Structures are given as structure tokens and as C-alpha cells.
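Analysis of the macromolecular model
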Amino acid sequence: MELVLAIGIGIMTGSGVWLILRPRTYQVIIGLSLLSYAVNLFIFGVGGVKSNAAPLLGEGVDVSTLTDPVPQALVLTAIVIGFATTALFLVVLLAARGLTGTDHVDGREQPK
Amino acid sequence: MSGWQQHLIIAPIVIPLIAGALLLFFDERQRVVKAMISVVSTLALAAVAINLFRLANGGGGAGAFDGVYLLGNWPAPFGIVLVVDRLSALMLVLAAILAIPALVYALARWHAAGAHFHSLFQFLLMGLNGAFLTGDLFNLFVFFEVMLAASYGLLMHGSGPMRVKAGLQYIAVNLAAALCFLIGVSAIYGSAGTLNMADLALRIGEIEGERRMLLEAGAAILGVVFLIKAGMWPLNFWLPGAYSAAVAPVAGIFAIMSKVGIYVILRLSLLVFGQGESAGLGLNVLLYGGMATIAFGTIGVLASQALGRLASYSVLVSSGTLLAVLGLSNGEVTAGALFYMVSSTLTIGAFFMLIELVERGQDAGASVLAVTMEAYGDADEEEQEVEIGVTMPGTIAVLGTCFAACGILLSGLPPLSGFVAKFAMLTGMIGMGASADQPVPASVWWIVGLLILSGLAALISMTRAGIRTFWASMEGTVPRVLVMEMAPVMLLIALTLTLTIKAGPAMHYMEETVRNLQQPRTYIDAVINARRAGVAEASGPDGGGGI
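What counts, and at which threshold
- Residues numbered from 1 in each chain as written.
- Chains lettered and ligands numbered in written order.
- Predicted model: local features only at pLDDT ≥ 70, side-chain atom pairs only at ≥ 80, totals over all residues.
- Heavy atoms only, no water.
- UniProt positions renumbered as here; feature names shortened; annotations may be inferred.
- Helix = DSSP H or I, 4+ residues; strand = E, 2+ residues; numbered from the N terminus.
- Rg over C-alpha atoms; globule rule 2.2 N^0.38 Å.
- Buried < 20%, exposed > 50% of the residue type's maximum accessible area, 1.4 Å probe, protein only.
- Contact = heavy atoms within 4.5 Å.
- Areas by Shrake-Rupley, 256 points an atom, 1.4 Å probe, with all protein chains shown as cover.
- Salt bridge = Lys/Arg side-chain N within 4 Å of Asp/Glu carboxyl O.
- Polar contact = N/O pair within 3.5 Å; in protein donor to acceptor, adjacent residues only side chain to side chain.
- Phe/Tyr/Trp six-rings, centres within 6.5 Å; stacked < 30°, edge-to-face > 60°.
- Lys NZ or Arg CZ within 6 Å of the ring centre and 35° of its normal.
- Expected span 1.5 Å × (residues − 1).

Per an unreviewed UniProt entry, the recorded name for chain A is Na+/H+ antiporter subunit C, and the organism is Shinella curvata. Per UniProt, chain A carries the Subcellular location (unreviewed entry) text "Cell membrane".

Looking only at helices and strands, chain A features three helices and zero strands. Secondary structure elements in chain A, listed N-terminal to C-terminal, are α-α-α. In terms of overall dimensions, chain A is more spread out than a globule: its C-alpha atoms have a radius of gyration of 19 Å, far above the 13 Å expected for 112 residues. Dimensions along the principal axes, computed over C-alpha positions, put chain A at roughly 70 × 25 × 15 Å.

With that settled, the discussion passes to the overall build of chain B. Of the regular secondary structure elements, chain B holds 22 helices and two strands. The buried share among the 547 residues of chain B stands at 58%. Considering only intrachain contacts with a sequence separation of at least 6, the fraction spanning at least 24 residues in chain B is 81%. If you sum the accessible surface of chain B, you get close to 21,100 Å²; carbon and sulfur atoms cover 65% of it.

Once that is clear, we can look at the interface of chain A and chain B. Tallying the contact residues gives 28 residues for chain A and 28 residues for chain B. Linking chain A with chain B are zero salt bridges. Taken together, the links from chain A to chain B amount to three residue pairs in polar contact (both at pLDDT 80 or more). Secondary-structure elements contributing two or more residues to the side of chain A that touches chain B are helix H2 (25–46) and helix H3 (69–100) of chain A. A total of 14 residues in the side of chain A that touches chain B trace back to one element, the largest contributor, which is H3 of chain A.

Residues and elements named next belong to chain B. A complete count under the given rule lists 18 aromatic pairs over all chains for this structure. With 5.2 Å between their ring centres and 80 degrees between their planes, Phe132 and Tyr263 make a pair best called edge-to-face. Taken together, the residues span a long stretch of sequence, with Phe132 in helix H5 (residues 117–133) and Tyr263 in helix H11 (residues 248–271) at a distance of 131 residues. Residue class for Phe132 comes out buried when judged on its relative accessible area of 0%. A centroid spacing of 6.4 Å and a plane angle of 20 degrees characterise the contact between Tyr170 and Phe254, whose relative ring orientation is stacked. One end of the pair, Tyr170, is in helix H7 (residues 161–192); the other, Phe254, is in helix H11, and 84 residues separate them in sequence. Sitting over the face of the ring of Trp110, Arg109 holds its NZ or CZ atom 5.2 Å from the ring centroid.

Position of Glu485 of chain B among the secondary structure elements: in helix H20 (residues 483–501). When residues no more than four places from it in sequence are discounted, the contact partners of Glu485 of chain B are Tyr105, Ala108, Arg109, Leu357 and Arg360 of chain B.

Moving on to helix H2 (residues 11–23) of chain B. For H2 of chain B, built from 13 residues, the straight-helix expectation of 18 Å at 1.5 Å per residue is met to within 8% by its first-to-last C-alpha distance of 18 Å. For H2 of chain B, the full list of buried residues reads Ala11, Pro12, Ile13, Pro16, Ala19, Gly20 and Leu23 of chain B.

Take the UniProt feature "transmembrane region" (unreviewed entry) in chain A next. Residue and element names in this part refer to chain A. According to UniProt, the feature "transmembrane region" (unreviewed entry) maps to residues 6–21, 28–49 and 73–96 in the numbering used here. End C-alpha atoms of residues 6–21 are separated by 23 Å, and the span's content is 94% helix alongside 0% strand. Along residues 73–96, the helical share is 100% and the strand share 0%, with 35 Å between the first and last C-alpha atoms.

Below you can see the structure in the form of C-alpha cells.
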């Protein structure tokens, strides 16, 4: 399971990095979204990958059967913040499209 | 635990939060009410910051104030802590002192150029103060995002294709940086099992092997994020475009935003990576990267035709100087660097606001045209004698004086604080050999040379711009400037003058700050042993359980 997770994170990061280096704003925003998914999974992964484990500590419970709740809390915060900033970026992207008339990140087309 | 003083620690976050939220309830047409709320909040913030500064500096009786605030009354490594020490108090005061003139300046004109200026301004202050106060890495991320989200709005305040384009690139860079921040933080959590800075400093000694590698990699990724914010070459190409596109008061307050990165680097490198096996992690990157940044900024300053870009490159020179000097990791030099940070932040803040006033009398393309004409030497010489006898208007005199003061400050000439700051750093650097009885390393001579050269470049560039603007004004129109816009600039310059006169006590404070930073034990103990409200005895120092 670790391997699948690691490969998935790697593919998403690679695609994301490639996309944010592209000249169109839409590609950049998709790239940033992919990167943020990859990062969220990465945060989730640093707590150790476990399935069917509860994050709640109780009396007489073996700690090794538990999952670490902190990365889960972190990932929630990261998702919320990432979502909000991506939405903000989308608005700016539309404003730039409206003002400059092009979706190139430099606000003008490259001379051919 | 004397009640209200302890609660002051959270006030720099809560005041702008409440004010910013309150401002949202008022319609844009109720401008006076909004302005009043914003001014009151910023003044309150300054009062709190100065009070905290006094407390952190040992005022208010020993032991009464430990500078640690446990949020939600959770004990230290589990809950989030806010910490005030000398460094964070200094940064709080600097932010508040820069915010007042920027706000007053904005009230004259710019706050009406778009919606929600005051709310965004307050949220920016909240993010800044939070980043200075927090003692937890993930909380730092949250406050960074608060600050950045507000800065996206502020950068595009006033709208227009230029600002939106600059904003687009600024947001893209910062979103990518935020993702790196998360990777760094989670790698640190994965290897150390804690995000509390003090707890991390305690545990770093026990981490070994692969986990230490992961930790160092995480810290390095985190460092890259702060270097992007601080504007280290080659991570700084976004900065000149963004800062010169922002409206004047916003650019003024942005002068401190690039210092947030430097603050965090200083804090973490001395607290967590001060001693032990990972000591001095990345110092060489700071040293050589800083030197490259000074060189890049200097070339930029010389090459800039528009004043806005000149100021932006000055930000880079200032950041580069700080990074290179911090990379030396020498107490005396670092104290000088802190002084330089205060001085250059105030200067650049004043300069950004001054530029807009100066350029108001000119055509947009005039300054670029002037440089081109200078280069080709075909300015028509015949018209010269026409205007003899016209006295210099008062506005130009005041603007010119402020411009000259900024030039002196940026280039580090006596008598203003820019000189004192550079002198303090240079003395420390040249003195490095004397104390250790070894020859001064070559890299130090390089920094000394670059510092002096960058000052010369600033002087050349400012003189050229000054002559072009004030002596050979192509338009001949006097800019219409309100007292309300001139006063903030003069206030900031007056502050640097005060800093010069009070250089002795100020340097003393900086040295004390650095001494505190070099003994992370005090900080760690204060955080770990922080007493919970309503609990009689202190919790043990080994409160951090395994995870």
C-alpha cells in the first residue's frame, strides 16, 4: 500500500510541476491543484499508512493499533486553505483573462 | 501569572481580526466609519506592541511575565503556544510602526480605489503578527496563509491590467511556495513527531540516521519557502514586478513582508539548528545566496529606469545583505543586521510611499524617456534659460528633501541610521578575525566589498533619479500632494533619525536579543515549563510523550 501511495504522489507531483511550468493560466491552476492533492496525500502518509485504525486513545488500548491523529488534522487544515487559495486564484485568473484578453500567464501572447 | 499582561500576548492577533471582521459589516460608502475603525485598531495594535516590547525587555518586574501564552490552556508540546521574546517583540513593534504611516497615507486617496482595503489591511497585520508570535510550525503556516491571502487582495487593490498580471504571478509563486511549506512541515513532523519549535529543538538531538536526513530535508524545503519570501536569488524574480505594481501604501507595508522570511530563518536556525549535529544547517546557502542576491539587487538598482523598480531592487539588496550576514552566524554581526533590518524596513517603506508622490507630477513614460535621452545625449539644450526666476515650490522642496534622505539611508551614508547599521555590520565582520586570532575569511571580505558597492550603486542610482526628477523636470508641473500623504513619509524618516540618535540603546537591545537567541535553552524552558492558567504547579519538563 505504501508503494501505491508513493507512486501516486510521485505521478501527481510530476504532472503538477510540469503543468505549472506551462504558459496557460488554466494549465497552471490544474497543476497547482494536482500538486496540492499530492501534498495532502504526503501529509497523510507521514503519519504512517494504516487502515481501519482509530485515532482515539483510550484506557488499555495498545498504541500500535492506533493511527496518528495529528497528520489528519493537518491535512484538513491544508485542504481548506488550499481550496480557498485555489478559488481565489481562479478569480484572479478570470480577471486577468478579462483585462488582458489572453490566457497567457504573461498577459500577452508570445510573438510567433 | 499576572492576568492582563499575559493576555496582551494574544492581542496583536485578536485586535486586527476583530477590526477586520467588523469592517466587513459596513458598506463601502461609510468610508469615515471604516477609516476610524481601522485607525483605532492600528493605534491599539501599536500600543500593545510597544507594551509587549517593554515587557520583553525586562520591564514590569522579573518573573511576572514569561512571554508564553498557551492557547486553549493546553500544555506546551500539545497545544499551540504564542511566544514573545525580544526578537518577536521587536518585529511586532516594527510592523505596527510601519502600519500607521501606511494606513494614514492610504486614507488620503488610495483606500477608496477598491473594495475592502481596510479589512485586508487588518488581516495582513493579523497574519504578520501571528507569524511573529507563534511557537508552532503548522500554526506558522496558517498565519503565513492569512498574511498571503490578504496580500493577494492588497496587491491587486486599485485593479488594472498591470496589477492583475503581477498579482497572478505573485499568487502562483506563493501557492507553490505554500505547498513546499506543507511538504517541509510534514517531513519534520514525520521525523521528529512534533511541530512545536521548542519541543523540536529539544528532540533534535535524539534523532538519528535516516530520520535525521528526513528532518534536514524537511528543514531545507522549509528554508526554500522562507527564502522565496525573503527574495533570495534565484528565487526572487517575482518580487520586483509585484512590489512595483502595488499601490504606494501597500508597497510600503509589503516592505516588512519580505522580512518575515528572514525572521523565521533567524528564529529557526538559532533555536533548532544552533547546536548539536545539525548545527549550521544551510548557513552556506544563506551566505552565498545572500551575496548573489546583493549582486543581483545592485545590478537591478543601477539598471532600473522607473523609481518603483528601483525601490523593489532595494528590497532585494536589503534582503540579500541580511541573508549573507546571517549566514556568517556571528553574534556581533547579527546584532548589526537586526539594526539594519529595522532601518532598511522603515526606509523602504518611506521610499515606496514617496515615489508615488514624486511621480504624480510626471507622465507615466517620462522617466523612461529621460534615461533614454540621457543615454543618447540628444536632449535639446535650447530651452534651458526660459524658467530662470521661478522660485522652487514648497512641495518640491519637501519632496526633494525626503528623497535625498531616502537616498542617504539606502546608500548607507552618514548621518542617518543606514550608516549606523552598515557600520555596525562592517565593524563586526572585520572584527571577526581579531577576536578569533585568525585571518578574516575571504567570504567576509566579499560581503564587505559587496555591501560597500551596493551602497555606491544606490547612491548613483538615487542621484541620477533625483536630478532627473527635481532639477530637470520635463513637465514642469508641481505634483499636488496632501499633507496627509507627506506626513507619513516624514514620520518614517524622522523615525530613522530617532534611530540614529538613539543608536546606542537600540544597538544594546539588538545585542541583548542576539544573546537571547544564542541561548535557546531560555526559550525552550519558558515554553515547556509554561504554567497553565488555574493549575497550581508547573508541569514537568519532560511533558512530551511519545507518539
